[in-house]
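The chain contents come next:
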Amino acid sequence: MLLPSVPFKNFPLTLLRVSSLLDASLTLQSDRHKRAHTLPNRTVEHGFPHQPSALAFDPKLELMAIGTKSGAIKVYGHPGVEFTGLHKDTTAVTQILFLPGQGRLLSLLDDNTIHLWELVAGAPREVGGVKREGVVCLQEVDSYSLPGRPGIESCSATRVTVLLLLRSCDLLCMGTEGGGVYFLELPRLSLKDNQTLPDDYRCGKSLGPVESLQEHPQQSGKILIGYSRGLVVLWDLSTRHTEQLFLGKQQLESLVWERSGNLFVSSHNDGGYSVWAVTNGNIYSHQPVSSTIPYGPFPCKAINKILWRTTQTGSPVLLYSGGMPRASYGDRHCLTIQQDKHHVTFDFTSRVIDFFTVHKFDEPSALVVLLEEELVVIDLQTPGWPSMPTPYLAPLHSSAITCSFHISSVPPKLWERLVNAGKAQQGRQHAHGSWPICGGKNLAPPPKQQELLLTGHEDGTVRFWDASGVALTPMYKLSTANVFHTDCDPCDDPQGASDDPDMQQEEEWPPFRKVGCFDPYSDDPRLGIQKISLCKYSNKLVVAGTAGQVIVLGLSDERSDHLVDVSVVDLLQDREGFTWKGHDRLEPRLKPAPFPPGFQPLVLVQCLPPASVTAVALHAEWNLISFGTSHGFGLFDYHRRNAVLARCTLHPNDSLAMEGPLSRVKSLKKSLRQSFRRIRKSRVSGKKRTITTTPTSKKEGHTDLQTELNSSFCDCVQEDVAPIQRRIEPRSADDSLSGVVRCLCFADTFLRDGTHHGPTLWAGTNSGSVYAYALEVPGVGLGRACERGGAGESSVCVEALLGKEIQLMHRAPVVSISVLDGRGKPLPDPYEASQDLAIAPEMTNAHSVLIASEEQLKVFSLPKVSAKTKFKLTAHEGCRVRKVALVVFSSTAQEDYSEHTLVCLTNLGDMHLFNIPGLRPQVRYDCIRKEDISGIASCVFTKNGQGFYLISPSEYERFSLSAKVLTEPLCSVQLERPLEPTPARLWRNIFMSMK
């Protein structure tokens, strides 16, 4: 029977008892259970919206909205208050307007349609056993498209270029490309007749499109209309007459009123701005009161937007974007703030989309700048105008994300130390005022546990994020660049005031100040982080990079200047015939370097050849780390600074592994030859079923499983194959990169015999090879170390002895290895059993090992390594296992009941769930689009049934497989109108679309 396919949004609320209580009718009962207990699951998007295109702010509700080029609307308030809406078409949002205090907003799309959104009341939600009332959500309730004029140019003439919402909130002004201004009644979105401006002062399109519309701050109904070619008209809506004309000589970009209404400011494409006086006597004004090109006299870029804000001190604040000298700084993305003699030019690393100011009475308190790659908030009340740390919308991709790692149930002491390290890092770089976007109320209960998400980046940094709730908040940043000699200056004290980017002002004109943290450029691509492992009980962190560097770090609350110990491990073991053609290793610093509070390096292990690290494992209780590359794997004792093991996994034909990811010497001829070989093999695979394997030399403890594995792992001789368990295509041992180490695992289990257990190390490779080593760790287990009564632990070294070597006959890459105890449960993490932090593993019955390859899952008994059960996942359409995790699902009905489940993500983006150790399939979900290769590769699971994957370079999608552990936005907003469950016109639109 085929597994039922369930859409990803319809995750089950809980996974109850299945494996121990069900009989032969399991599948039918499981289907009934899912139909009765499946509800739509809401996801959360963490990070910065991809390709933002519009910005708006509601000063009454203190909510901010961001529109994107993909047609998404995201509304933010107090941390944890988030609303998301999606237009039907993936069309760019060009402008957003709030109806202040009403919980409504208007969006203008690139297809010339206007959409009305409302915050509406949702159904009561039960979260954590508590019923939550007043939860609201964002819904689109209406839309409008401006009809075109008859004629050839009808489409372009009525294309909306700018929107203005009058203070009465009942009329929307729409400026068009043809120079016309139209009026739309709100909230009905109906065009108001006989309100179009007359043509007595216009001559066709000679004035150009309408660039700006601004309502008089003191007299309602009077509007400034700015045209592209420089003309500005003061129009009275009540009398429908022109009060004054302002004849500008430069192309207009934007307009803004001064608070009294006696002056307004216009910005132009020549990099200048002009101040105009509004008078009652003269209808024509040819000259402005003043005109300034702040960064002249040489040609400058346009000032795209300008704001004039009055203050209680009497000195206005002028803010504008652009205006840089073309020749010298034309490529800079800048925003300038001027007040009296204070003049600062904020220099960003990405393009300015839009900006606004937040007011407290008559005083601007904060400046919010939406950039193409991040959000920057400037504190205008603190001297020096420093930037503020963002509790959300932090750019995850400040440097490209290369890997991620999740930690559940973080101990309070570790959490506190990380928070303090993060605060010490900020120092004086940021203001510590209150977050200005604080609307709405977060109804979600406080998290029961603290969660950490670690992201590795291309520039050699590891960032720590608070992933406990809806808002993904940055906590602490670790840099590994100062361990090596690089192009940057790693010896600079990060706590020094001279290194503060917000306090450092260059002695030049314009007075630039670097702000923001988005930096897409890496000093050295070899610094890129590839693998991360953290022990939350011992505060030990392992970080592995692109050039074979493996760094062990410890947490310290004090600043330290010390020299990092370096150990070199040669994974080739002097094997002849291999020459590394890739990049060189990073040169470690030979002098003491300063390290701020936080994680500080203890030892650097350098793999040779310096290939990218593909797998890493940490066992802090044994003081051991294991690491693997495309050439082999090693074992290192970081307490004694001793290399325990180095095993080469290269095949004689693995020349491609010697070229490295940054090499340019790969042979096109060889690549073509290998491609044609694969094509020929796939054509004859249906006829030829005999597999020829290369015999391997038997070592001590080696188990020859050829006959047993040929029937179980390959199943090539079987003719009757179950519909879900498809044939597996055998892979050649001559494939390139077959020696890549895909996974590593430490376990305290039975490997030598069934009566004595002890530390072991397991390694799986790209060619389907599994290596199991028995370890003798001083003071652990019943090995020789404990029998040496007089020898101290410091004088005894860790030893590794090969216990088993398994070759999967289909040679599919080994994705994951997990050891299960006598009850079929995963072994606890280091320190959990010894410190009574988890249930001790069952050590009386036989253990088993779960090996997941790209094509199937299989459980072997230990120590004999005999097959117990399997599930072949490979399908004809090319299904391959990409990610495997063992998660715990807790029952919502029984507080004390939980069950371990195997979660498997394939290259087709679907997710399979199996019980363990029986590997009985539970359900399959469509999770990620199969075309989203980066999303599948970036997926990381949590131990409690949640997961993250990248939906864009700057956004994580969060999902949950469990109803008991569910992170979703639950928000309420106090509005000036009653909340309707579902607006009547929404139903009207639905019914009209059905006719």
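Since we're looking at a predicted model, the values are computed, not measured.

### What to know about the environment of D466
Along the chain, D466 falls in strand β36 (residues 461–466). C-alpha separation for the pair D466 and L454, spaced 12 residues apart in sequence, amounts to 9.1 Å. Leaving out residues up to four positions away in the same chain, D466 has contacts with W415, Q450, E451, A471, L472, T473 and M475. Side chain to side chain, D466 and S468 meet in a polar contact 2.8 Å long.

### Examining the pairing of strand β45 (residues 598–608)
Along any regular strand the residues' side chains alternate between the sheet's two faces. Taken across its 11 residues, β45 has nine buried, putting it largely inside the fold. As defined by bridge partners, strand β41 (residues 549–556) adjoins β45 across eight bridges and the pair is classed as antiparallel. Counterpart to G554 in the pairing with β45 is Q600. Here six bridges tie strand β43 (residues 565–570) to β45, and the two strands are oriented parallel to one another. Within β45, the position partnered with D565 by the bridge is V603.

### Focus: the UniProt feature "repeat: WD" (unreviewed entry) in the protein chain
The UniProt record annotates "repeat: WD" (unreviewed entry) at residues 452–466. Helix makes up 0% of residues 452–466 and strand makes up 80%, while its end C-alpha atoms are separated by 5 Å.

### Quick word on the sheet that holds strand β22 (residues 263–268)
One key point about sheets: their strands pair by backbone hydrogen bonds, in either a parallel or an antiparallel sense. Read from one edge to the other, the open sheet built from four strands follows the order β21-β22-β23-β25, with strand pairing classed as antiparallel. Among the strands making up the open sheet, the edge pair consists of β21 (252–257) and β25 (290–292). Between one strand and the next, the sheet's axes are offset by a mean angle of 20°, whatever the strand orientation. As paired strands, β22 and strand β23 (residues 273–277) are joined by five bridges and run antiparallel to one another. Within the sheet, the bridge partner assigned to S267 lies in β23 and is Y273.

### Some words on empty space enclosed by the protein
Summed over the entire model, instances satisfying the criterion amount to three cavities of 30 Å³ or more. The volume enclosed by the largest cavity comes to roughly 60 Å³. Every residue lining the largest cavity is listed: E45, H46, G47, Y76, E82, Y392, L393, V470, A471 and L472. Among the residues making up the lining of the largest cavity, the classes are represented as six nonpolar, two polar and two charged. Every residue lining the second largest cavity is listed: N482, V483, H562, L563, V564, R589, K591, P592, A593 and F595. Its residues placed into classes, the lining of the second largest cavity shows six nonpolar, two polar and two charged.

### Comments concerning the packing of aromatic side chains
Overall, the coordinates contain 20 aromatic pairs when judged by the stated rule. Between Y476 and F599, the aromatic rings sit 6.5 Å apart at their centres with planes inclined by 45°, giving tilted as the arrangement. Pair noted here: Y476 is in strand β37 (residues 473–479) and F599 is in strand β45, with a separation of 123 residues, a long-range link. F599 carries the same exposure label as Y476, and that label is buried. K305 extends its terminal NZ or CZ atom over the ring of F355, reaching a point 5.0 Å from the ring centre. Directly above the ring of F512 sits R332, whose terminal nitrogen or CZ lies 4.3 Å from the centroid.

About the criteria used
- Residues numbered from 1 in each chain as written.
- Predicted model: local features only at pLDDT ≥ 70, side-chain atom pairs only at ≥ 80, totals over all residues.
- Heavy atoms only, no water.
- Helix = DSSP H or I, 4+ residues; strand = E, 2+ residues; numbered from the N terminus.
- Contact = heavy atoms within 4.5 Å.
- Polar contact = N/O pair within 3.5 Å; in protein donor to acceptor, adjacent residues only side chain to side chain.
- Buried < 20%, exposed > 50% of the residue type's maximum accessible area, 1.4 Å probe, protein only.
- Pairing = 2+ DSSP bridges.
- UniProt positions renumbered as here; feature names shortened; annotations may be inferred.
- Axes fitted to C-alpha atoms, helices over the stretch in contact; angles between N-to-C directions.
- 1 Å grid on protein atoms, 1.4 Å probe; cavity = no way out; pocket = protein on both sides within 12 Å on 5 of 7 lines; lining within 4 Å.
- Points joined across faces, edges and corners; volume = space filled by probe spheres on them.
- Nonpolar A, V, L, I, M, F, W, Y, C, P; charged D, E, K, R; others polar.
- Phe/Tyr/Trp six-rings, centres within 6.5 Å; stacked < 30°, edge-to-face > 60°.
- Lys NZ or Arg CZ within 6 Å of the ring centre and 35° of its normal.

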